[in-house]
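# Coordinates in review
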Amino acid sequence: MNPTSSFPKMKLAMAMLAGVLLTIQIVAATGKPARFAYGTDEEKKPVKKEKEKARTFTSLNNPSVKIYPDALNRDMHVVAKNNDGKDLDFFVFDLQGTLLHNYKMKAKDHNKISGLAKGTYVYRVFCGDEETAAGKFEIR
């Protein structure tokens, strides 16, 4: 056997082993399978998702209420805006959907939400039977 003829095969084997080791390192570091880009540029472009048509409110400052954190405590303040003179129902839920607080508010009413543990909470605001605002806030 000629030692020079096995050199290209050994070089190929080493390159393949290096590729396998690189893939294993990527998976170990990221916890995700390695993805290598093959194909044309058209195939590499991300697929655009259509925007959801459902109406959602995520702003802390919306047309119905103003929500802001307390500077010193782990509390949130809620101030009702005018809302054409109608009363508001303000609900606070945890992420499991359990109702934690319910406030009936008139225009310019101010409530302090206190006693919440650290975490993320969902709020919903209704004016009569119509949902006028919804969103999330976080207690840190």
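Data block above holds the structure.
In this report, the structure presented in the accompanying data block is examined. As the structure is a computational prediction, the values presented were derived from the model and not from experiment.

## Quick look at the sheet that holds strand β6 (residues 119-127)
- Taken together, the four strands give an open sheet; going across it, the order is β4-β3-β6-β7, and neighbouring strands pair in antiparallel fashion. Across the chains shown, the open sheet's two edge strands, defined by having one partner strand only, are β4 (99-105) and β7 (130-139). Averaged over neighbouring strand pairs, the angle between their axes works out to 15° when direction is ignored.
- By the bridge criterion, nine bridges tie β6 to β7 in an arrangement that is antiparallel. Counterpart to Gly119 in the pairing with β7 is Ile139.

## A look at unusual backbone geometry
- Despite not being glycine, Asp84 has its phi angle at roughly 55°, a positive value.
- Mapping Asp84 onto the fold places it in the loop between β2 (76-80) and β3 (88-93).
- The exposed category is assigned to Asp84, whose relative accessible area is 74%.
- Here Lys108, not a glycine, exhibits a phi torsion of approximately 70°, which is positive.

## Considering the environment of Gly119
- Position of Gly119 relative to the elements: it lies in strand β6.
- Since its relative accessible area comes to 23%, Gly119 is described here as partly exposed.
- Each C-alpha atom, one on Gly119 and one on Glu138, is 5.6 Å from the other, the two residues being 19 residues apart in sequence.
- Setting aside residues up to four positions removed in sequence, Gly119 forms contacts with Phe137, Glu138 and Ile139.

## Some points on the packing of aromatic side chains
- According to the stated counting rule, one finds six aromatic pairs in the structure shown.
- Relative to Phe93, the ring of Phe91 lies with its centre 6.3 Å away and its plane at 25°, an arrangement referred to as stacked.
- Clustering of aromatic rings is evident, with ring pairs tying together Phe90, Tyr103, Tyr121, Tyr123 and Phe137.

## Topic: the side chain of Asp75
- Secondary-structure assignment places Asp75 in the loop between β1 (65-69) and β2.
- Taking relative accessible area as the criterion, Asp75 reaches 9% and is therefore assigned buried.
- Residues within four places of Asp75 in sequence aside, it is in contact with Pro69, Asp70, Lys112, Ile113, Ser114 and Gly115.

Rules and cut-offs
- Residues numbered from 1 in each chain as written.
- Predicted model: local features only at pLDDT ≥ 70, side-chain atom pairs only at ≥ 80, totals over all residues.
- Heavy atoms only, no water.
- Pairing = 2+ DSSP bridges.
- Helix = DSSP H or I, 4+ residues; strand = E, 2+ residues; numbered from the N terminus.
- Axes fitted to C-alpha atoms, helices over the stretch in contact; angles between N-to-C directions.
- Buried < 20%, exposed > 50% of the residue type's maximum accessible area, 1.4 Å probe, protein only.
- Contact = heavy atoms within 4.5 Å.
- Phe/Tyr/Trp six-rings, centres within 6.5 Å; stacked < 30°, edge-to-face > 60°.

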